[in-house]
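Residue-level listing of the chains:
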Amino acid sequence: MTGSVAAATGDVPQPAADPILAKPNEVYRAEVTPALKEALLDYSSSLAIEPAEWLTIAARRNDERPRLAPADTDAQTFMIRLQGSDLAAFLARQITREEALKRIEVRVF
C-alpha cells in the first residue's frame, strides 16, 4: 500500500483565505487611510489653517461605469480631518507625530 492517509481519503489541505479576495474594500481602506493621514501631516504646513478650522480630506473609490449609468453606487466615502489647533501644535512640535495621528478623526459614510 502506497500513499498517505490524506491522499487515500481525499482530504486535501485548503489554502488560507486571502483577505484581499474576501474583503477588498476593507483592505483598500486599511491601506489608503494611513497614507492619507500621513499626507495630511506632511503637506499641510503651507495651508495656513486657523486653530478653529478643520483640515478635511474626503476619499471615495472610483467605480468604472458608463458615463450614462446612474451615479448612485455602494461606494462609501471616508472623511479624515484634523482640527487646526492640533495641526498647529504638531507643526510647532508641541505634540508628537503619533499624538497628532491619534487626534485625526476618521468617519465612513
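All of these numbers come straight from a predicted model, not from anything done at the bench. (Residues numbered from 1 in each chain as written. Predicted model: local features only at pLDDT ≥ 70, side-chain atom pairs only at ≥ 80, totals over all residues. Heavy atoms only, no water.)

Undergrad: Looking at this structure, how should I read the nonpolar core?
TA: One recurring pattern in soluble globular proteins is that nonpolar side chains are buried together. Of all hydrophobic cores here, the largest spans 13 residues; its most connected members are Leu40, Leu41, Leu82 and Ile104. Listed by contribution, the elements that provide at least two residues to this core are helix H3 (24-42), strand E1 (54-60), strand E2 (77-83) and helix H4 (84-91). Setting aside chain neighbours within four positions, we find leucine 40 in contact with Leu55, Ile57, Ile80, Leu82 and Ile104. (Core = buried A, V, L, I, M, F, W, Y, C linked by side-chain atoms within 4.5 Å. Buried < 20%, exposed > 50% of the residue type's maximum accessible area, 1.4 Å probe, protein only. Helix = DSSP H or I, 4+ residues; strand = E, 2+ residues; numbered from the N terminus. Contact = heavy atoms within 4.5 Å.)

Undergrad: Would you explain the sheet that holds strand E3 (residues 105-108) in this entry?
TA: Remark on secondary structure: sheet strands pair via backbone hydrogen bonds, oriented parallel or antiparallel. Read across the sheet, three strands follow the order E1-E2-E3 without closing on themselves; strand pairing throughout is antiparallel. One side of each edge strand has no neighbouring strand; the edge strands of this open sheet are E1 and E3. The average undirected angle you get between the axes of adjacent strands in this sheet is 20 degrees. Pairing geometry for E2 and E3, over four bridges, is antiparallel. Paired with isoleucine 80 across the two strands is valine 106, which belongs to E3. Along the sheet face, H3 touches E1, E2 and E3 and points at about 30 degrees away from the line of E2. Its contacts with the sheet place H4 against E1 and E2, and it is angled at close to 60 degrees to E2. (Pairing = 2+ DSSP bridges. Axes fitted to C-alpha atoms, helices over the stretch in contact; angles between N-to-C directions.)

Undergrad: Looking at this structure, how should I read the pairing of E2?
TA: Moving residue by residue along a regular strand, the side chains alternate between the two faces of the sheet. Burial along E2 is one-sided: the residues Phe78, Ile80 and Leu82 are buried and none of Thr77, Met79, Arg81 and Gln83 is. Here E1 runs beside E2; their pairing, made up of seven bridges, is antiparallel. When the bridges of E2 are listed, alanine 59 appears paired with phenylalanine 78.

Undergrad: Explain H3 to me, please; I cannot follow it from the model alone.
TA: Quick reminder: α-helices carry 3.6 residues per turn. Residues three or four places apart thus point the same way. Its 19 residues give H3 an end-to-end C-alpha distance of 27 Å, which sits within 8% of 27 Å, the value for a rise of 1.5 Å per residue. On its buried face, H3 is in contact with E1, E2, H4, helix H5 (97-103) and E3. (Expected span 1.5 Å × (residues − 1).)

Undergrad: Teacher, can you tell me more about the pattern of salt bridges here?
TA: Note that side chains of opposite charge can pair when their charged atoms are close. For the structure on display, the rule yields six salt bridges. Between glutamate 38 and arginine 97 there is a salt bridge, and its shortest N-O distance comes to 2.6 Å. You can see glutamate 38 sitting in helix H3 and its partner arginine 97 sitting in helix H5, a full 59 residues away along the chain. A salt bridge links glutamate 105 to arginine 107, with the shortest nitrogen-to-oxygen separation between them at 3.5 Å. We classify arginine 107 as partly exposed; its relative accessible area is 44%. (Salt bridge = Lys/Arg side-chain N within 4 Å of Asp/Glu carboxyl O.)

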